[in-house]
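Examining the three-dimensional arrangement
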Amino acid sequence: MKRIGVLTSGGDAPGMNAAVRAVVRKAIYHNMEVFGIYRGYAGLIDGDIKKLEVGSVGDIIHRGGTMLYSARCEEFKTLEGQLKGIENLKKHGIEALVVIGGDGSYQGAKKLTEHGFPCIGVPGTIDNDIPGTDFTIGFDTALNTVIDAIDKIRDTATSHERTYVIEVMGRHAGDIALWAGLAGGAETILIPEAEDEMDEVIARLKRGSDRGKKHSIIIVAEGVGSGVDFGKKIQEETKFETRVSVLGHIQRGGSPTAHDRVLASRLGARAVELLLDGKGGRCVGIQSNELVDHDIIEALSRTHTIDRKMYDLSKELSI
Ligand code: F6P
């Protein structure tokens, strides 16, 4: 394989740049040419494709976002869009593609694979919800951003003796909420993968108050519902002074942590190794601290699950 492409797609995640850098440098080191596809699958359809050199990826390892830009692209879900994309790849002589992104990006890579175009998926999303890997690029940075916010909000919660509801990202996945809730000492963590009864949440808050607890932190993953609605309900039912903070897109930005930079570098390089071995239709990941790769179609047939033991632990520690 002599010429490959790389794109980032879906929600941006800190560390995507480090992954792009690893793909470009590893490929050039092994005498391959690399083309960047800008704006994800949208740029693939539009032919927004440029050659990348060693220097093109200089000074980006520490930057959040993605130098290749990103997009969510409805057109690529159609057969016509996919064929247009493949045509553009062939026009540039690109023989394989590295796709860095989350679930939607993997679905696109799966389609290209089904059309016979070799692709490697690299998991890049703050949600940590990609099958075939213990961690996705960007999760650790987002988690640390959330922890920083929780710690700050806790100061005010303590000073004013208030209850705080903090809504974090995760439409379908509760990993950010669960890990941040555990690391931030939250009293209650609400995630889409578990059904918590509102009555039980209220009862816990009241039990805490009866024991002399003067403030509480509740973490809600956005997939469970609106933090604002939870806040209103809690205040109504408990009469505790309650405030709500929706962290939003601050969770997606910022300089990647060392963990994310290293993970991104390892996974990006591994994607290129697979292509050097003539393998396509795979996705890379890290499991038990070992780099792994799986058939992308098979991986996508599985769903990401949360660590149930960790969820139970969070309950035990916040009695
Ligand atoms: O997939 C990453 C993610 O940040 C989700 O947690 C969130 O639900 C979604 O993207 C938000 O997407 P957008 O930036 O398109 O609003």
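Note that the structure is a prediction, hence the values are computed from the model and not measured.

What follows concerns the environment of Pro 118. The residue Pro 118 is located in the loop between helix H4 (103-114) and strand S5 (119-123) in this model. Exposure remark for Pro 118: the relative accessible area of 23% places this residue in the partly exposed category. Separated by 129 residues in sequence, Pro 118 and Leu 247 have C-alpha atoms that sit 38 Å apart. For Pro 118, the residues in contact, after removing those within four places along its chain, are Glu 95, Ala 96, Leu 97 and Gly 280.

Per the UniProt record, "binding site: ATP" (unreviewed entry) is annotated on Gly 11, Arg 72, Cys 73, Gly 102, Asp 103, Gly 104 and Ser 105. For the residues just named, distributed over 95 residues, the greatest C-alpha separation is only 13.0 Å, placing them together at one site. Those annotated residues from the list above that line the largest pocket are Gly 11, Arg 72, Cys 73, Gly 102, Asp 103, Gly 104 and Ser 105. Among the structural elements, Arg 72 can be located in the loop between strand S3 (49-52) and helix H3 (79-91). When sequence neighbours within four positions are dropped, the list of residues in contact with Arg 72 reads Gly 10, Gly 11, Arg 171 and Arg 252. Looking at the secondary structure, you find Asp 103 in helix H4. When its relative accessible area of 38% is taken as the criterion, Asp 103 is described as partly exposed.

Each value, and the rule that gives it
Residues numbered from 1 in each chain as written. Predicted model: local features only at pLDDT ≥ 70, side-chain atom pairs only at ≥ 80, totals over all residues. Heavy atoms only, no water. Helix = DSSP H or I, 4+ residues; strand = E, 2+ residues; numbered from the N terminus. Buried < 20%, exposed > 50% of the residue type's maximum accessible area, 1.4 Å probe, protein only. Contact = heavy atoms within 4.5 Å. UniProt positions renumbered as here; feature names shortened; annotations may be inferred. 1 Å grid on protein atoms, 1.4 Å probe; cavity = no way out; pocket = protein on both sides within 12 Å on 5 of 7 lines; lining within 4 Å.

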